[in-house]
Amino acid sequence: MTEVGNMRLLHGMLNGAREVISKKDELNRINVFPVADGDTGSNLASLMQAIIDNVAQKDYSTKELLDEVASAALIGARGNSGMIFAQYLNAVAESYHHLESTVEELVQAFQKAVNKAYEALLDPKEGTILSVMSAWSEALAENYTKEKSLHHSLLNAQEVAEKALANTQFQMPILKKNRLVDSGAKGFYYFIVGLTNAYCEKVAVISEMVEDAQEPIEHVETSKPLYRYCSEFIIKSPTATKQTIQTVLATKGDSLVIVGNEGQIKLHIHTNEPKEVLNLLAKYGTMTYQKVDDMRLQYDVTKKPRAKTAIVTDSIADLPEEFLLTHQIHVLPMNILAEDESFLDKLTVGPTMIKEKMMQQVKMSTAQPTIRSVDALLSFLENKYEQVLIITVSAKLSGTYQLIKQRIKQKNLASDWIHVIDSRLNSVAEGLLVKQAVELVEAGRTFEEITRQIEQTAKRSFIYVAVADLSPMVESGRIPRFLGKIAQKLSLFPIVSLDENGEGKLIGVSFSQNQSMKKIIKKVTKLHQEDQLKELAVTHVSSADMANDWGKQLQKLTGQLSYIVDSSAAIAISAGIGSVAVAGIKKEETI
């Protein structure tokens, strides 16, 4: 039996990964199935970058190499096609049992893996990545049986894959209507091209047959996604089989893909209720990773962008959900950590779950968005907007601002394309600042005018929080521990704000939260009487009735109240259950 050239195979896989990454924008442009959210290229690029980043260039046995690639693929897998691709690579590694590096065992592993890729889906479709995967694997095995040459088999299988790719445009109605091949299938084909060129030491040549999307696709006919959220979860040490989980989630959405092994599984589903999906999955193991993308927002931005400038913020900015979607605001979710589990603020966890965990005395904390989530968003925004403005929670309260700045520098993104503002605010005050940015963008102001005015507006913004329990703020370091301990000892209810640098400060105390709110309303009413008040909003942590009562009073006294909204889980952890906050923006001083 012929031995595999493992270094050549390694270089082939890495070259295949680079080929897919180089075609990211094209794959995004032709993405219409299962949802026209324009991110298949970005998702496959994430998987390929994980392979490049995590598979060292060294001498492996074939089994070791396949295991390393499979593990990296599971880390980087995103989206429907990415998950299927990762499952295929994991199945190749599982199917390769031979201790020696033999080509025969390798091509058989590629062939056997196809069935496992199909099994990962609840409802597999032809005319997708699966069709090209199947055609290539079958051709590779069949040709090798005849010729016993991996070199010739790869070249032959690439030709078969190319024809299978071209045929996808006739297998799916949505593809036929738009005269497009499937984006995920084309991503797999590009991987095969890169692998084959490197392994066979061949100059890269891509047929004109598949070079059909170098120009932007116009008038693509698609429909809005049936489900809003593309959700992914990793469960460590699962206690249920993939088949059991498929059955449990069968009615919760579509595009269900489950990959992995006994140690952990990664799950992908399109759903309207990621929190409900999480609750169902929680009984089957420890949740170590979650990713939730808003496909409806991605679809709207791809099909009919509202503005040429993107507005991005983090989940600590409290704004009504409908406002976020209507105005196409992109939100980076903060991570909520509860012992060994991790959740996504406002997507898979809210104040209700936080309240339950607090009652169970579960230790919780917040963490900035992951590097992967920041990179994924930046990748999506590229080529969709002329400029990007990011408004973050105060850098004194979170590392989000510094993380985003670092990722922009790492990616060498142009300063005239993207700008990041440290709001020096949080919660509903940050939300009002984002709202102001949206209004400026939609009024057609220049990017320079928008950034300058938002930076000035941030300085005129304020927030007052009537805290029900000071313990969370003391524990999180939001206010000085010694002041907090004194207030706690005297059974006082504090009023908390932020200073000009964005750090928490204690600005007053009362003998009840009710008294604290009266003092806050007095401060705000005075601003109104002096004609200094431009806008107001209220947020709360599981205190809707109280917030609505105070909101009515503010509306009556000032005539201004933009919205009342539930606060984020991140604020719930730091401010505590029962807290109510009033935020506003002062008018610009006139000379």
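Cut-off values and rules
Residues numbered from 1 in each chain as written. Predicted model: local features only at pLDDT ≥ 70, side-chain atom pairs only at ≥ 80, totals over all residues. Heavy atoms only, no water. Helix = DSSP H or I, 4+ residues; strand = E, 2+ residues; numbered from the N terminus. Rg over C-alpha atoms; globule rule 2.2 N^0.38 Å. Buried < 20%, exposed > 50% of the residue type's maximum accessible area, 1.4 Å probe, protein only. Contact = heavy atoms within 4.5 Å. Lys, Arg positive; Asp, Glu negative; His and termini not counted. Charge placed at Lys NZ, Arg CZ, Asp CG, Glu CD. Pairing = 2+ DSSP bridges. Phe/Tyr/Trp six-rings, centres within 6.5 Å; stacked < 30°, edge-to-face > 60°. Lys NZ or Arg CZ within 6 Å of the ring centre and 35° of its normal. Core = buried A, V, L, I, M, F, W, Y, C linked by side-chain atoms within 4.5 Å. Expected span 1.5 Å × (residues − 1). Axes fitted to C-alpha atoms, helices over the stretch in contact; angles between N-to-C directions. Left-handed = near helix turned anticlockwise from the far one by under 90°. Nonpolar A, V, L, I, M, F, W, Y, C, P; charged D, E, K, R; others polar. Salt bridge = Lys/Arg side-chain N within 4 Å of Asp/Glu carboxyl O.

Chemist: Help me understand the overall build of the protein chain, please; the structure alone is not making it clear to me.
Modeler: Scanning the protein chain from N- to C-terminus turns up 24 helices and 17 strands. The C-alpha atoms of the protein chain give a radius of gyration of 27 Å, which matches the 25 Å a tight globule of 591 residues would have. Each principal axis of the C-alpha atoms in the protein chain carries an extent, and together these give about 90 × 50 × 40 Å. Residues counted as buried form 58% of the 591 residues belonging to the protein chain. Sequence separation of at least 24 residues holds for 75% of the intrachain contacts in the protein chain that already meet a minimum separation of 6. On the protein chain, the mean spot of the 65 positive side-chain charges and the mean spot of the 72 negative ones are 7 Å from each other.

Chemist: What is the right way to look at the pairing of strand 5 (residues 309-314) in this model?
Modeler: Successive side chains on a regular strand alternate, one facing one side of the sheet and the next facing the other. Within strand 5, six of the six residues are buried, leaving the element largely enclosed by the surrounding structure. Where strand 5 lies against strand 10 (residues 387-392), five bridges are found, and the strand directions are parallel. Note that in strand 10 the partner of Ile 311 across the bridge is Leu 389.

Chemist: Got a minute to help me understand the environment of Phe 462 in this structure?
Modeler: Considering the arrangement of structural elements, one finds Phe 462 in strand 12 (residues 461-466). Classification of Phe 462 by relative accessible area gives buried; the value is 7%. The spacing of Phe 462 and Leu 27 is 435 residues in sequence and 44 Å in space, taken between C-alpha atoms. Excluding anything up to four places from it in sequence, Phe 462 contacts Ala 429, Val 524, Leu 527, Leu 533, Leu 536, Val 582, Ala 583, Gly 584, Ile 585 and Lys 586.

Chemist: Is there a simple way to think about the packing of aromatic side chains in this case?
Modeler: Any aromatic ring pair is given by two values, namely how distant the centres are and how the planes are angled relative to each other. Scanning all chains against the criterion turns up eight aromatic pairs. Here the aromatic rings of Phe 110 and Trp 136 are separated by 5.2 Å at their centres, their planes lie at 75 degrees, and the arrangement is edge-to-face. Of this pair, Phe 110 sits in helix 6 (residues 103-119) while Trp 136 sits in helix 7 (residues 129-147), and the two are 26 residues apart along the sequence. One aromatic cluster is present, formed by Phe 85, Tyr 88, Phe 110, Trp 136, Phe 188 and Phe 191 through successive ring pairs. If you follow Lys 23 out to its NZ or CZ, it ends over the ring of Tyr 190, 5.0 Å from the centre.

Chemist: Just checking my understanding: could you explain the nonpolar core for this structure?
Modeler: One recurring pattern in soluble globular proteins is that nonpolar side chains are buried together. Ile 51, Phe 85, Tyr 88, Trp 136 and Phe 188 are the most contacted members of the largest nonpolar core, which totals 75 residues. Discounting chain neighbours no more than four positions away, the residues touching Phe 188 are Phe 85, Tyr 88, Ile 129, Val 132, Met 133 and Trp 136. Counting 35 residues, the second-largest nonpolar core is a separate cluster that includes Ala 458, Val 467, Leu 498 and Tyr 563.

Chemist: Help me understand unusual backbone geometry, please; the structure alone is not making it clear to me.
Modeler: As a rule of thumb, non-glycine residues mostly have phi less than zero, and peptide bonds are mostly trans rather than cis. A positive phi is found at Gln 328, a non-glycine position, where the angle reads about 55 degrees. By secondary structure assignment, the location of Gln 328 is in the loop between helix 14 (321-326) and strand 6 (330-332). On the basis of relative accessibility, which here comes to 8%, the residue Gln 328 falls in the buried class. A positive phi angle is found at Asn 412, which is not glycine, with a value near 60 degrees. For Asn 412, the position within the fold is in the loop between helix 17 (400-411) and strand 11 (418-422).

Chemist: Help me understand helix 10 (residues 183-199) in this model?
Modeler: Residues that lie three or four places apart on an α-helix share one face, since the helix turns once every 3.6 residues. The terminal C-alpha atoms of helix 10 lie 24 Å apart, and with 17 residues this matches the ideal 24 Å at 1.5 Å per residue to within 8%. Buried residues dominate helix 10, accounting for 16 of its 17 residues. Two residues or fewer after helix 10 comes Glu 201, characterised by a positive phi angle close to 50 degrees.

Chemist: In this structure, what is going on with the sheet that holds strand 17 (residues 580-586)? I would like to understand it.
Modeler: The strands that make up a sheet are held in pairs by hydrogen bonds between backbone atoms, and each pair lies either parallel or antiparallel. If you trace the six strands from one edge of the open sheet to the other, you get 14-13-12-17-15-16, paired in mixed fashion. The two strands at the open ends of the sheet, each matched to only one other strand, are strand 14 (504-510) and strand 16 (564-566). In this sheet, neighbouring strand axes are inclined to one another by 25 degrees on average, regardless of whether the strands run parallel or antiparallel. Pairing geometry for strand 15 (residues 533-540) and strand 17, over seven bridges, is antiparallel. Residue pairing across strands places Glu 535 opposite Ile 585, the latter belonging to strand 17. Sheet strands touched by helix 18 (residues 427-442): strand 12, strand 15 and strand 17. Its angle to strand 15, the strand with the most contacts, is close to 135 degrees. Against the sheet, helix 23 (residues 544-558) touches strand 15, strand 16 and strand 17, its axis set at about 165 degrees to strand 15.

Chemist: Before we go on, may I ask you to explain the packing of helix 3 (residues 40-54) against helix 10 in this structure?
Modeler: Running from amino to carboxyl end, helix 3 crosses helix 10 at an angle of 35 degrees, the nearest separation of the two axes being 9 Å. As helix 3 packs across helix 10, the resulting crossing turns out to be right-handed. Residues Thr 40, Leu 44 and Met 48 of helix 3 touch helix 10, and the partners they reach there are Ser 183, Gly 184, Gly 187 and Phe 191. Broken down by class, the residue content of the contact of helix 3 with helix 10 amounts to three nonpolar, four polar and no charged.

Chemist: Just checking my understanding: could you explain the pattern of salt bridges for this structure?
Modeler: Should their charged atoms come close, side chains of opposite charge can pair. Under the defined criterion, the tally for this structure stands at 20 salt bridges. The partner of Glu 19 in a salt bridge is Lys 23, and the shortest N-O contact between them spans 2.7 Å. One exposure class covers both Glu 19 and Lys 23, and it is buried. Measuring nitrogen to oxygen at the nearest pair gives 3.3 Å for the salt bridge that ties Asp 300 to Arg 296. Taken together, the positions of Asp 300 and Arg 296, both in helix 13 (residues 295-303) and four residues apart, correspond to about one turn of that helix. Of the residues examined, Arg 296 reaches a relative accessible area of 28% and is grouped as partly exposed. Put simply, Arg 78, Glu 232, Lys 291 and Asp 293 are held in one network by salt bridges that share partners.

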